[in-house]
Amino acid sequence: MMKFTGNLELAEIHGVKTHRIDMHSHVLPAFDDGAKDLKESLSIMKHMKEKGLEVLFWTPHLNLSSFPQINDESIEKHYHQHVELIRKETGIEILKGSELYCSPPLPEKIVPLGKSDFVLIEFPLDCYPRYLFDMIYSLQLNGYRIVLAHVERYQWLFPTKKKWLKNDIDYSLVEALKEKGVYFQVNYMTIENIVHYPFLFPVLKEKKVEFIGSDKHTTNDGRSVIDFEKIASIEF
């Protein structure tokens, strides 16, 4: 059975007796690029509940130029405006965090995952950020543990190299990040369709991915909600 130790640690930190945790989502209504209204939020979360979800982290975008109005205060305010109603309607425990876009300068106030010291971060997808290790070091220096969001989406993290007339994956940057203590998160949809992501097999088999989340935004975003019965039977 596949176990994501980071999700388990989040459960322990927050005193919840469940491993059925989704630690990456954008489903609170009308905030970033997630659910457009409360009706859509509730519909998505009720579907999540049907698939076994018990605890959901809402992780809106932070420090992304598309949403300059979002900061730690607006996240806090929006969370408290909706959390009690959603808990009542869905039976899901909602905790807040953020998905921090790492581009200098970083905001003065970071929003970690709940009351943990984990910070979910992302970088540009298609080109290597030269400030990668500087950003990570800066956050670690401030006492945070780093979780790199949806690692499977970064083209620069799994480059190909020519070896003996064939293309192999170069995992040197993966190893460098793990040596720096960076945690990895993968989207559930990737696990569900793992045959299309063969470069991830060694990373998963060696238990270098500690977190899983749905990264669910909207009803029709193409991302699956986590099926906790199904994922319990997956092995690598």
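These figures come from a predicted structure and were not determined experimentally.

Conventions used here
- Residues numbered from 1 in each chain as written.
- Predicted model: local features only at pLDDT ≥ 70, side-chain atom pairs only at ≥ 80, totals over all residues.
- Heavy atoms only, no water.
- Buried < 20%, exposed > 50% of the residue type's maximum accessible area, 1.4 Å probe, protein only.
- Helix = DSSP H or I, 4+ residues; strand = E, 2+ residues; numbered from the N terminus.
- Right-handed = clockwise from strand over helix to strand, strands pointing away.
- Pairing = 2+ DSSP bridges.
- Axes fitted to C-alpha atoms, helices over the stretch in contact; angles between N-to-C directions.
- Parallel < 35°, antiparallel > 145°, perpendicular 65-115°, else oblique.
- Left-handed = near helix turned anticlockwise from the far one by under 90°.
- Contact = heavy atoms within 4.5 Å.
- Nonpolar A, V, L, I, M, F, W, Y, C, P; charged D, E, K, R; others polar.
- Phe/Tyr/Trp six-rings, centres within 6.5 Å; stacked < 30°, edge-to-face > 60°.
- Lys NZ or Arg CZ within 6 Å of the ring centre and 35° of its normal.
- Polar contact = N/O pair within 3.5 Å; in protein donor to acceptor, adjacent residues only side chain to side chain.
- Salt bridge = Lys/Arg side-chain N within 4 Å of Asp/Glu carboxyl O.

## So, the pairing of strand β2 (residues 55-58)
Burial along β2 is two-sided: Val-55 and Phe-57 facing one way and Leu-56 and Trp-58 facing the other are all buried. In this region the chain leaves strand β1 (residues 21-22), passes through helix α2 (residues 38-50) and returns to the parallel neighbour β2; the handedness of that crossover is right-handed. As paired elements, β2 and strand β4 (residues 93-96) share four bridges and run parallel to each other. Considered in β4, the bridge of Leu-56 is made with Ile-94.

## Here's the deal with the packing of helix α4 (residues 132-141) against helix α5 (residues 172-179)
Geometry of a packed helix pair, given as the angle between the helix axes and the separation of the axes. One way to put it is that α4 packs onto α5 with a least axis distance of 12 Å and a crossing angle of 15 degrees. Judged by the inter-axis angle, α4 sits roughly parallel to α5. For the pair α4 and α5, the crossing hand works out as right-handed. For the pair formed by α4 and α5, the contact residues are Leu-132, Phe-133 and Ile-136 on the first element and Leu-173, Ala-176 and Leu-177 on the second. Classifying every residue of the contact of α4 with α5 gives six nonpolar, no polar and no charged.

## Observations regarding the packing of aromatic side chains
If you walk through the whole model with that rule in mind, you get 11 aromatic pairs. Each ring, one from Tyr-154 and one from Trp-156, has its centre 5.0 Å from the other, and the planes form 40 degrees; the classification is tilted. Trp-156 matches Tyr-154 in its accessibility class, with the two residues each being buried. Through successive ring pairs, a cluster of aromatic residues spans Phe-123, Tyr-128, Tyr-131, Tyr-154 and Trp-156. The ring of Phe-184 has Lys-178 lying over it, and the distance from NZ or CZ to the ring centre is 4.3 Å.

## Digging into the sheet that holds strand β6 (residues 118-122)
Neighbouring strands of a sheet are bound in pairs by backbone hydrogen bonds; such pairs are parallel or else antiparallel. An order of β3-β5-β6-β7-β10-β11 is seen for the six strands of this open sheet, with the pairing classed as parallel. Two strands close off the open sheet at either side, each with one partner strand: β3 (61-62) and β11 (211-213).

## Observations concerning unusual backbone geometry
Residue Pro-104 is joined to Pro-105 through a cis peptide bond whose omega torsion reads 0 degrees. Positionally, Pro-105 belongs in the loop between β5 (99-101) and β6. Positive phi values are uncommon outside glycine, yet Ala-30 reaches one of about 50 degrees. The phi dihedral of His-150 falls on the positive side, at around 30 degrees, and the residue is not glycine. Tracing the backbone through its elements, the reader meets His-150 in the loop between β7 (145-148) and β8 (160-163).

## Topic: the environment of His-217
Relative to the helices and strands, His-217 resides in the loop between β11 and α8 (228-231). The buried category is assigned to His-217, whose relative accessible area is 7%. Along the backbone, His-217 and Ser-74 are 143 residues apart, and their C-alpha atoms lie at a distance of 18 Å. The residues touching His-217, leaving out its near neighbours within four places in the chain, are His-26, Val-27, Asp-33, Gly-34, Ala-35, Ile-44, His-61 and Arg-223. Within the structure, His-217 has its side chain in polar contact with the side chain of Asp-33 (distance 3.4 Å). Reaching out from His-217, the side chain makes a polar contact with the side chain of Arg-223 at a distance of 3.3 Å.

## Examining the pattern of salt bridges
Counted under the stated rule, the structure contains 16 salt bridges. Here Glu-206 and Lys-208 are joined by a salt bridge, their closest N and O atoms 2.7 Å apart. Assessed through its relative accessible area of 14%, Lys-208 is described here as buried. For Arg-223, the salt bridge is made with Asp-215, and the minimal N-O distance between the two is 3.5 Å. As far as the burial class goes, Arg-223 and Asp-215 line up, both buried.

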